[in-house]
Each structure stands twice: as C-alpha cells, then as structure tokens.
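# Close look at the chain arrangement
Take a look at the letters that make up each chain.
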Amino acid sequence: MRTASYERRTKETEIEVELNLDGGGNYDVSTGVGFLDHMLEQLSRHSLIDLKVRAKGDTHIDFHHVTEDVGIAIGTAFSEALGDRAGITRYGSALIPMDETLTRVALDISNRPYLIWKVAFSRPKLGDFDTELFKEWFQAFAQAGGITLHVETLYGENNHHIAESSFKALARALRQGLEIDPRKSDAVPSTKGVLGGSL
C-alpha cells in the first residue's frame, strides 16, 4: 500500500495529514475552513485517495496560511507515498462539467513541479473564503507533490461550480496518473530512469 503521514508545525499552523493512494475515497477532514473541507472531500472521493486532515491555524486573521499549508502538507505526504514513482502511469487528464461550467486538468506526476492556472472568479469571496486562495492551494500542492499541473476553466459562471470542478478534475486526473501500469509495474516511467531533475 502506498501510504504516508506528515506533520507540519509553524508559528501559524499545525497540520497533520494521513493518506493512502490505493484507498477507496474515504475522508476525514477538519481544517477549520468549511469551504476548504468541502473541496478536500471532493478531492478524496473522486481520486479514491483516502485522506485524513487535521489543521489548526490563525484563521482569526484570514484563511491564507491554513489553506497554503494544508496544500503543502498533502502534497508532501503524496510525494512520500509515491516513493520513486516506479510503475505509475504518470500522466493524467480530466474534463469535468458541472452544470454550466467546464474545467480541464492535465498533469504529469514527474517530480518537476509547475503550475499553470487559468481559472478566473467573478467574485472575491465564496462565503467567507477568498477565491484567490484556490490558486495558493493548487500551487502549494503541486510544488510539494512534485506535479506539473495545468488547470483551466474553459467556461463557467457560478463561482462554486468553478472551484469544485477544478478539484474534481484534479482528482480524476490524479486517479489516472497514479494507476500502476501492469506492463511497467517495476519501472520508473522515464527514459532517464528517474523522475525529476532536468528535462
């Protein structure tokens, strides 16, 4: 089983993450930020990654530190659970509709982190959550997880749908990229023989 746990403690946040990449999409998430909890539950359910998150932080200021640090913690645990990434399909993509919204994610679990973010919101907040923080979470997750990640909302109007379709598309693309290729189950999927480093 590809599992990992990670703890991150700073002056701003205290975060504990446990995950199982070969799970069934079971989640137990409590970050103190309701909308973030909702998105992480979608991520777990649709990727089939079992995910437990406990987070506390300086939410009396705003949700920035908790959101970013949760992304870092989940990404770090994700990378640790993968090990040398041998046998994975590596690439994944998904095109997810949610009512009037359509979002596309393409990714490479390459150990070369990079984020392309082409997602626009028409409002600065969803409830009490700053919409600019969605990019911060995706950036932190991609960086810590070693993922080349492209996220683009092709069209959409409802900001909740735009956010949720982004997380669901990430989940489905991860599910694809994490699959073990039965024809190369013991090999790193790179002609270099290792993932990461220079192109």
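Since the structure is predicted, the reported quantities are computational estimates derived from the model, not experimental observations.

What counts, and where the lines are drawn
Residues numbered from 1 in each chain as written. Predicted model: local features only at pLDDT ≥ 70, side-chain atom pairs only at ≥ 80, totals over all residues. Heavy atoms only, no water. Helix = DSSP H or I, 4+ residues; strand = E, 2+ residues; numbered from the N terminus. Expected span 1.5 Å × (residues − 1). Buried < 20%, exposed > 50% of the residue type's maximum accessible area, 1.4 Å probe, protein only. Pairing = 2+ DSSP bridges. Axes fitted to C-alpha atoms, helices over the stretch in contact; angles between N-to-C directions. Contact = heavy atoms within 4.5 Å. Polar contact = N/O pair within 3.5 Å; in protein donor to acceptor, adjacent residues only side chain to side chain.

In this model helix 2 (residues 64-82) runs 27 Å from its N-terminal to its C-terminal C-alpha over 19 residues, within 8% of the 27 Å that 1.5 Å per residue would give. Phi turns positive one or two residues past the end of helix 2, at G83, with a value near 60°.

Moving on, we get to the side chain of N159. Positionally, N159 belongs in helix 4 (residues 159-178). Overall, the relative accessible area of 4% leaves N159 in the buried class.

What the 4 strands build is an open sheet, ordered 5-6-10-7; its pairing is mixed. The sheet is open, and its two edges are formed by strand 5 (91-98) and strand 7 (114-118), each paired on a single side. Taking each pair of neighbouring strands and ignoring which way they run, the sheet shows an average axis angle of 10°. With respect to the sheet, helix 3 (residues 133-145) is in contact with strand 7 and strand 10 (148-155), its orientation differing from that of strand 7 by roughly 160°.

Below, the discussion takes up helix 1 (residues 34-47). Given 3.6 residues per helical turn, the α-helix brings residues three or four places apart onto the same face. When the terminal C-alpha atoms of helix 1 are compared, their 20 Å separation across 14 residues agrees well with the 20 Å that a helix rising 1.5 Å per residue should span. Those residues of helix 1 that fall on the buried side of the exposure criterion are F35, L36, D37, M39, L40, Q42, L43, S44 and S47. Following helix 1 by one or two positions, L48 has its phi on the positive side, about 65°.

What follows is about the side chain of R2. Take R2: it is sitting in the segment before strand 1 (3-9). At a separation of 3.1 Å, a polar atom in the side chain of R2 contacts the main-chain carbonyl oxygen of L178. Residues within four places of R2 in sequence aside, it is in contact with L19, N20, L21, D22, A81, L82, I88, L178 and I180.

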